[in-house]
Amino acid sequence: MTRKREKIWTAIIATKQWFTNLFKSEADALVDDFSNNPPPEIGTQPYSGDVNDKGD
């Protein structure tokens, strides 16, 4: 019985640690201001009107 209980607790702790690491990395990604991975510089894009309008 204790072997089964140890396996269950091991799974619970591993799952908790996995979710903790996941949410920590997601929170870091939300707070990060692209310091280590800047967005590409694409410049200004001209506005050509309605994308569904075929007359452009």
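To be clear, the structure that these remarks concern was listed above.
Residues numbered from 1 in each chain as written. Predicted model: local features only at pLDDT ≥ 70, side-chain atom pairs only at ≥ 80, totals over all residues. Heavy atoms only, no water.

Colleague: Requested: an account of the overall build of the protein, with residues and values cited.
Modeller: Check the secondary structure of the protein and you find one helix and zero strands. For the protein, the proportion of its 56 residues judged to be buried stands at 0%. Carbon and sulfur atoms make up 59% of the accessible area of the protein, which amounts to about 5900 Å² in all. (Helix = DSSP H or I, 4+ residues; strand = E, 2+ residues; numbered from the N terminus. Buried < 20%, exposed > 50% of the residue type's maximum accessible area, 1.4 Å probe, protein only. Areas by Shrake-Rupley, 256 points an atom, 1.4 Å probe, with all protein chains shown as cover.)

Colleague: Go over the packing of aromatic side chains, please, and point to the residues and values.
Modeller: Two descriptors summarise a pair of aromatic rings, namely the distance from one centre to the other and the angle between the planes of the rings. This structure, assessed with the given rule, holds two aromatic pairs. Ring centres of W18 and F19 lie 4.9 Å apart, and the angle between their planes is 85°; on these two criteria the pair is classed as edge-to-face. Given the relative accessible area of 38%, F19 is considered partly exposed. Both rings, one in F19 and one in F23, keep their centres 6.0 Å apart while their planes meet at 25°; by these two values the pair is stacked. Taken together, the residues F19 and F23, both in helix α1 (residues 2-31) and four residues apart, mark about one turn of the helix. What makes F23 exposed here is its relative accessible area of 55%. Grouping aromatic residues by their ring pairs yields a cluster made of W18, F19 and F23. (Phe/Tyr/Trp six-rings, centres within 6.5 Å; stacked < 30°, edge-to-face > 60°.)

Colleague: Describe a nonpolar patch on the surface, and please don't skip the residues or the numbers.
Modeller: Together, I8, W9, I12 and I13 line one region of the surface with nonpolar side chains, adding up to about 400 Å² of accessible area. Examined against the element boundaries, I12 turns out to sit in helix α1. Exposure remark for I12: the relative accessible area of 43% places this residue in the partly exposed category. (Patch = residues over 30% accessible without salt bridge, like charges linked within 9 Å, V, L, I, M, F, W, Y side chains within 5 Å. Salt bridge = Lys/Arg side-chain N within 4 Å of Asp/Glu carboxyl O.)

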